[in-house]
There are 2 protein chains.
Amino acid sequence: MTEKNKKEPLYFFIISDSAGETASKLAQATMAQYPTVEFEIFRRTFITTKEALIKALTDAKKCDAIILHTLINEELVALADHFCEASELFHFDVLTPPVLEVQRRTGVIPSREPGALHHLNKNYFKRIKAMEFAVKYDDGKDPRGFLEADIVLLGVSRTSKTPLSLFLANKNLKVANLPIVPQAHIPKQLWEIDPKKIVGLTNDPEILNGIRKERMIAYGLNPDTAYSDLDKIKTELTFANELYEKLGCIIINVASLSIEETASMILNALNLEDHSYYITEDNEA
Amino acid sequence: MTEKNKKEPLYFFIISDSAGETASKLAQATMAQYPTVEFEIFRRTFITTKEALIKALTDAKKCDAIILHTLINEELVALADHFCEASELFHFDVLTPPVLEVQRRTGVIPSREPGALHHLNKNYFKRIKAMEFAVKYDDGKDPRGFLEADIVLLGVSRTSKTPLSLFLANKNLKVANLPIVPQAHIPKQLWEIDPKKIVGLTNDPEILNGIRKERMIAYGLNPDTAYSDLDKIKTELTFANELYEKLGCIIINVASLSIEETASMILNALNLEDHSYYITEDNEA
């Protein structure tokens, strides 16, 4: 077991009969455990024939890749198994264990259709609408959106309002967001909605200061502008926190959180977990 | 093995020390195989202590849930194993197999830090910038964005330009999009950029007609307006296809594709697969 030569990356092959999102997420989570190792991901997606699968596996074999697959066709799963065993290739079948467990419990036969191609159903429209909603009501563009939104995000500059809104939109939730600055007008609609729908985003002043300086540098500007002034940031945060308390909304400090983590906390806090992820044909809104 | 009573849903418990994105994707992919089965997903995320884990497992046991977990702390993994074996609960440890395989190959010890909390690095800024870029340059708002974009999406109405842009932005790509309508001005910037960056989206006229009628109904409008007129749609598609050919860009018919699938095809076609998913501290741009 020798330390791998740093010049030679470790290869992941994502093989899927669909878009490969599940296995890609897993590869990312794995890679995050090894910040010093260099990886390359290759995706072989929409693999639905034996020929395409053999080609993908042969490519994977050439670079002794770690294979993560989410194939659902039984013939293809068996082919991948046999190929990898014969070639002594590591492969991890991500989808089969939970699929078989559901079959064992329900007696229902899985559809074995690649992916979830229900994109013309109401769920698909709902998701598209949620994304369009997030873009339309981003950055306080139109406060009327607050009345229609599932979630209203408030936050001072650089608390990830836009990415968070878009991330939550991808989970079928209608999200509007409003930047909070001391001198700004607070739209009346904010007082008309259920405070349980509102999330106040805050951050540590030192971190905000760092982020804003970084951004000034990225934009080719002087980092020591008022935008990154620590006292000004503290005033903004105090104003925001007082507003959140008046509104009676939940407050999340995003200081040590990624977008996924903040989104997950919001779903937990607003009890949205059961509605957001998946809507079947039967129970769609 | 009796057919499960439809009134009683099958429960998935997503248990993660982070946001639970990987296991959630896997649960969704599994559920997609069983369109007739009613499921409920419960997420127990940011589980980083034994107490919190025991609470989550106890909740899962109460409804005999299918447990999918992505825990990285070895003590927690072992605790989950023992608890589930003692309680005869099905549990699938999604993360351990690929993590151990990387360790076996590289000799590097995994960090065992939950999630990938590198959110103040350049990768994080790049992703936030990509999302803000997508919102800023959505819907042809400013054609100067084309010059800066990694991908320019063109398409007639209802070819998922906005959701696709946002989905690709989440993979760190700067995406601008432009609606294509016969009477519209085509910005000169479109002829100045590498056609390899441009994706022309098209669709089947009958499907577009159906989608547009659905949307008219959803908006409470008469479905038989010019917007959904089949001849008009065909004229639009012909105009778009001729433009795509003149530009020499790739053309994707989204008729039978979900957003994930279209995005995956775009990454494959533009050879973006290696850059989009994950940037480590060492190789970030």
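Thresholds applied
- Residues numbered from 1 in each chain as written.
- Chains lettered and ligands numbered in written order.
- Predicted model: local features only at pLDDT ≥ 70, side-chain atom pairs only at ≥ 80, totals over all residues.
- Heavy atoms only, no water.
- Helix = DSSP H or I, 4+ residues; strand = E, 2+ residues; numbered from the N terminus.
- Contact = heavy atoms within 4.5 Å.
- Buried < 20%, exposed > 50% of the residue type's maximum accessible area, 1.4 Å probe, protein only.
- Polar contact = N/O pair within 3.5 Å; in protein donor to acceptor, adjacent residues only side chain to side chain.
- Buried area = accessible area lost by both parts, 1.4 Å probe.
- Salt bridge = Lys/Arg side-chain N within 4 Å of Asp/Glu carboxyl O.
- Phe/Tyr/Trp six-rings, centres within 6.5 Å; stacked < 30°, edge-to-face > 60°.
- Least-squares fit on C-alpha atoms with pLDDT ≥ 70 in both.
- Pairing = 2+ DSSP bridges.
- Axes fitted to C-alpha atoms, helices over the stretch in contact; angles between N-to-C directions.
- UniProt positions renumbered as here; feature names shortened; annotations may be inferred.
- 1 Å grid on protein atoms, 1.4 Å probe; cavity = no way out; pocket = protein on both sides within 12 Å on 5 of 7 lines; lining within 4 Å.
- Expected span 1.5 Å × (residues − 1).
- Arc of directions from axis to C-beta.
- Points joined across faces, edges and corners; volume = space filled by probe spheres on them.
- Nonpolar A, V, L, I, M, F, W, Y, C, P; charged D, E, K, R; others polar.

Once that is clear, we can look at the environment of Ala176 of chain A. Checked against the element boundaries, Ala176 of chain A lands in strand S6 (residues 175–179). With sequence-adjacent residues up to four places away left out, Ala176 of chain A is seen in contact with Phe133, Tyr137, Gly145, Phe146, Ala149, Ile151, Val152 and Leu153 of chain A.

With that settled, the discussion passes to the side chain of His91 of chain A. Residue and element names in this part refer to chain A. By secondary structure assignment, the location of His91 is in strand S4 (residues 91–93). You can call His91 buried: its relative accessible area is 19%. A polar contact is formed between the side chain of His91 and the side chain of Asp81, at a distance of 3.0 Å. Residues within four places of His91 in sequence aside, it is in contact with Ile67, His69, Ala80, Asp81, Cys84 and Glu85.

A few words now on the interface of chain A and chain B. Interface size, as often reported, equals the accessible area lost upon joining of the parts. Counting from both sides, the interface comprises 105 residues of chain A and, opposite them, 105 residues of chain B. Approximately 9,500 Å² of surface area, both sides summed, lies buried where chain A meets chain B, with 61% of it carried by carbon and sulfur atoms. Summed over the shared surface of chain A and chain B, the result is six salt bridges. The closest approach of N and O atoms between Asp64 of chain A and Arg105 of chain B, which form a salt bridge, is 3.7 Å. Between the two partners, chain A and chain B, sit 22 residue pairs in polar contact (both at pLDDT 80 or more).

Any two aromatic rings considered together are summarised by their centre-to-centre distance and by the angle between their planes. All names here are of chain A. In the structure shown here, the tally under the stated rule is 11 aromatic pairs over all chains. For the pair Tyr11 and Phe42, a centre-to-centre distance of 5.8 Å together with 35° between the ring planes defines the contact as tilted. Of the two residues, Tyr11 sits in strand S1 (residues 10–16) while Phe42 sits in strand S2 (residues 39–44), which places them 31 residues apart along the sequence. The exposure classification of Tyr11 matches that of Phe42, with both residues buried.

The relation between the two chain copies is a rotation about an axis coupled with a shift along that axis. Taken as rigid bodies, chain A and chain B are interconverted by a rotation of 180° and an axial shift of 0.0 Å, the fit giving an RMSD of 0.1 Å. One copy is carried onto the other by what is essentially a two-fold rotation axis. When the interface residues of chain A are mapped onto chain B, 100% of them again fall at the interface, so both copies present the same face.

With that settled, the discussion passes to the sheet that holds S4 of chain A. Residue and element names in this part refer to chain A. Taken in spatial order, the four strands of this open sheet run S2-S1-S3-S4, and their pairing is parallel. Looking along the sheet, the strands with just one partner apiece sit at the ends: S2 and S4. Strand-to-strand twist of the sheet, defined as the mean angle between neighbouring strand axes without regard to direction, takes the value 20°.

So, on to the UniProt feature "binding site: ADP" (unreviewed entry) in chain A. Residues and elements named next belong to chain A. The UniProt feature table records "binding site: ADP" (unreviewed entry) at Gly155, Val156, Ser157, Arg158, Thr159, Ser160, Lys161 and Thr162. Of the annotated positions mentioned, Ser157, Arg158, Thr159, Ser160, Lys161 and Thr162 line the second largest pocket. By the secondary structure assignment, Gly155 is in strand S5 (residues 151–155). Filtering out sequence-adjacent residues up to four positions away, Gly155 remains in contact with Lys161, Leu178, Pro179, Ile180, Leu201 and Tyr244. As for its placement among the helices and strands, Lys161 is situated in helix H7 (residues 161–169). On the accessibility criterion, Lys161 (8% relative accessible area) is buried. Apart from the residues within four sequence positions on either side, Lys161 is in contact with Leu153, Leu154, Gly155, Val156, Asn177, Leu178, Pro179 and Leu201.

Once that is clear, we can look at the pattern of salt bridges. All told, the structure shown has 26 salt bridges over all chains when counted by the stated rule. The structure contains a network of salt bridges with shared partners spanning Arg44, Lys55, Asp59 and Lys62 of chain A.

To continue, consider helix H3 (residues 74–86) of chain B. Residue and element names in this part refer to chain B. For H3, with 13 residues, the first-to-last C-alpha span of 18 Å sits near the 18 Å given by 1.5 Å per residue. Buried within H3 are the following residues: Leu76, Val77, Leu79, Ala80, Phe83 and Cys84. The arc that holds every buried residue of H3, seen down its axis, measures 160°, which confines them to one face. Of the residues in H3, the exposed ones pointing more than 90 degrees away from the buried face are Glu74, Glu75, His82, Glu85 and Ala86. Where H3 is buried, its residues contact helix H2 (50–62), strand S3 (66–70), strand S4 (91–93) and helix H4 (96–106). Looking one or two places after H3, you find Glu88, whose phi comes out positive at around 50°.

This paragraph deals with the side chain of Ser16 of chain B. Residues and elements named next belong to chain B. Considering the arrangement of structural elements, one finds Ser16 in strand S1 (residues 10–16). Among the residues examined, Ser16 registers a relative accessible area of 1% and is labelled buried. One polar contact links the side chain of Ser16 to the main-chain amide nitrogen of Ser18, over a distance of 2.9 Å. Polar side-chain contacts of Ser16 include one of 3.4 Å to the backbone nitrogen of Gly20. If near-sequence neighbours (up to four positions away) are discounted, Ser16 is found in contact with Arg44, Thr45, Phe46, Ile47, Thr70 and Leu71.

If you check the backbone angles, Phe46 of chain B has positive phi at about 60° while not being a glycine. Its location among the elements puts Phe46 of chain B in the loop between strand S2 (39–44) and H2.

All right, on to the layout of surface pockets then. For the largest pocket, the calculated volume is near 570 Å³. Going through the elements one at a time, helix H5 (122–136) of chain A together with helix H7 (161–169) and strand S6 (175–179) of chain B are the ones with two or more residues in the lining of the largest pocket. When the residues that make up the lining of the largest pocket are grouped by side-chain class, the tally is six nonpolar, five polar and 12 charged. Its volume calculated, the second largest pocket comes out at about 480 Å³.

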